[in-house]
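# What the coordinates show
In case you want the letters, here they are:
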Amino acid sequence: MQTQPTPNAQSQFPIHELEQTESAIQALQEWLATLNGRREMLTAELERITCPQPVIAKAPIKMIGPGLEYQGAMTMHWNYIDIHIDLLRRLWADFPDRREAMAKAMGCYGTTRAYVAMTLTDLFPGQPTAWAKRYSRTLVDNWYVDTNLNRERMRRILPAAVKAAGLKWGEDVKTYWRRTQITC
């Protein structure tokens, strides 16, 4: 028995071809690993650029005013004096026990005017009754309100009345002197 291969058998086996085949397989495996890595990177980039972007929904915008928001309820008015009178009527109706305090708080912003009073004489001291009737309206039973005001004066005295009533300006009561966009 022979344990050694014969020299003729060794010379007939293509060892060089086996080494080339193994080398080619190893090179192909490395190349395949490189290609698989590149494919994963390209696929991830494709997913990133084609993924739908989240749409940020814009809050709906609503136009309001001119008018007033009183404890969550909005009322529209065409002119400033109607906003002024509507708010005072609501305060006088909802807080009858604070009428004097509200009148006093508003009166602090006038030198000779009371802005609201129980008589026309108290509302416009020294003015003729006809003139007083022309520039006033009935607020509620036995109370009169001055209507001879500009918007800037109303903007100063209304917050004083609201505060005297125990409400918060900008929270419980808001005025919109012109059309305003708000988000819903």
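Keep in mind it's a predicted model, so treat the numbers as computed, not measured.

What counts, and where the lines are drawn
- Within each chain, residue numbers correspond to sequence positions counted from 1 in written order.
- Owing to the predicted nature of the model, reporting of local features is limited to residues with pLDDT of at least 70; listing and counting of side-chain atom pairs is limited to 80 or more, with chain, interface and lining totals taken over all residues.
- To get the side-chain values, take all heavy atoms of the structure and skip hydrogens and water.
- Nonpolar side chains (Val, Leu, Ile, Met, Phe, Trp, Tyr) within 5 Å and like charges within 9 Å form the patches, drawn only from residues with over 30% relative accessible area and no salt bridge.
- Residue burial considers only the protein chains on display, and all accessible areas are found by Shrake-Rupley using a 1.4 Å probe.
- Counted as salt bridges are all cases of a side-chain nitrogen of Lys or Arg within 4 Å of a carboxyl oxygen of Asp or Glu.
- We count a stretch as a helix when DSSP gives it H or I for four or more residues in a row; a strand needs E for two or more, and each element gets its number in order from the N terminus.
- When accessible area is computed with a 1.4 Å probe and restricted to protein chains, residues below 20% of their type maximum are described as buried, those above 50% as exposed, and intermediate ones as partly exposed.
- Joining through side-chain atoms within 4.5 Å is the link that ties buried Ala, Val, Leu, Ile, Met, Phe, Trp, Tyr and Cys residues into a set, and such a set is a nonpolar core.
- For Phe, Tyr and Trp, rings pair up if their centres lie within 6.5 Å, where Trp contributes its six-membered ring, and each pair is then called stacked (planes under 30 degrees apart), edge-to-face (over 60) or tilted (otherwise).
- To estimate the expected span of a helix, count its residues, drop one, and scale the result by 1.5 Å.
- Two strands qualify as a pair provided that DSSP identifies no fewer than 2 bridges between them.
- Inter-axis angles, ranging from 0 to 180 degrees, are taken between N-to-C directions of lines fitted to C-alpha atoms, where helices are fitted over the stretch in contact.
- Should any heavy atoms of two residues lie within 4.5 Å, those residues are counted as being in contact.

All right, on to a nonpolar patch on the surface then. Residues F13, I15 and L18 make up a contiguous nonpolar surface patch of about 290 Å² in total accessible area. Within the fold, L18 resides in helix 2 (residues 15-50).

Turning our attention to the pattern of salt bridges. Scanning the model with the defined rule gives six salt bridges in all. E45 serves as the salt-bridge partner of R48, at 2.7 Å between the closest nitrogen and oxygen. Placement of the pair is R48 and E45 together in helix 2, with a separation of three residues, close to one helical turn. Note that R137 and D82 form a salt bridge whose closest N and O atoms lie 3.2 Å from each other. Here R137, found in strand 5 (residues 136-140), pairs with D82, found in helix 3 (residues 80-94); they are 55 residues apart in sequence, far enough to count as distant. Judged by its relative accessible area of 24%, D82 falls in the partly exposed class. Here the salt bridges share partners, and the residues they tie into one network are R151, E152 and R155.

Y70, L87, L88, L91, W92, M106 and V116 are the most contacted members of the largest nonpolar core, which totals 29 residues. Among the elements of the structure, strand 2 (67-70), helix 3, helix 4 (99-107), strand 5, strand 6 (143-146) and helix 7 (151-165) are those that each provide at least two residues to this core. Examining the composition of this core, we find that seven residues originate from one element, helix 3, more than from any other. Among the nonpolar cores identified, the runner-up in size contains seven residues, and A114, A117, F124 and Y135 belong to it.

One pass over the structure, following the stated rule, counts four aromatic pairs. Pairing Y80 with W177 gives two aromatic rings, centres 5.7 Å apart and planes at 80 degrees, and the pair type is edge-to-face. One end of the pair, Y80, is in helix 3; the other, W177, is in the loop between strand 7 (173-176) and strand 8 (180-183), and 97 residues separate them in sequence. Ring centres of W92 and W143 lie 5.4 Å apart, and the angle between their planes is 70 degrees; this geometry places the pair in the edge-to-face category. A residue pair is termed long-range when its members are at least 10 positions apart, and W92 in helix 3 and W143 in strand 6 qualify at 51 residues. Taken together through their ring pairs, the aromatic side chains of F124, W131 and Y135 make up a single cluster.

Now for helix 3. Owing to its 3.6 residues per turn, the α-helix brings residues three or four apart onto one side. Taking 1.5 Å of rise per residue, the 15 residues of helix 3 would be expected to cover 21 Å, and the 21 Å separating its terminal C-alpha atoms lies within 8% of that figure. Every buried residue belonging to helix 3 is among I81, I83, H84, I85, D86, L87, L88, L91 and W92, and all of these are buried.

Take the pairing of strand 3 (residues 73-76) next. Consecutive side chains of a regular strand alternate in pointing toward one face of the sheet and then the other. Across four bridges, the pairing between strand 2 and strand 3 is antiparallel. Note on strand 3: the bridge partner recorded for G67 is M76. Counting the residues in the hairpin turn of strand 2 and strand 3 gives two residues, including Q71, whose phi is positive at 50 degrees.

Let's shift gears to the sheet that holds strand 3. Strands sit in the order 3-2-7 across an open sheet of three strands; the sheet is antiparallel. Because the sheet does not close on itself, it has two edges, and the strands there are strand 3 and strand 7. Averaged over all neighbouring strand pairs, the angle between strand axes comes to 15 degrees, with direction disregarded. Here four bridges tie strand 2 to strand 7, and the two strands are oriented antiparallel to one another. Note on strand 7: the bridge partner recorded for L68 is T175. Running at roughly 20 degrees to strand 2, helix 3 makes contact with strand 2, strand 3 and strand 7 of the sheet.

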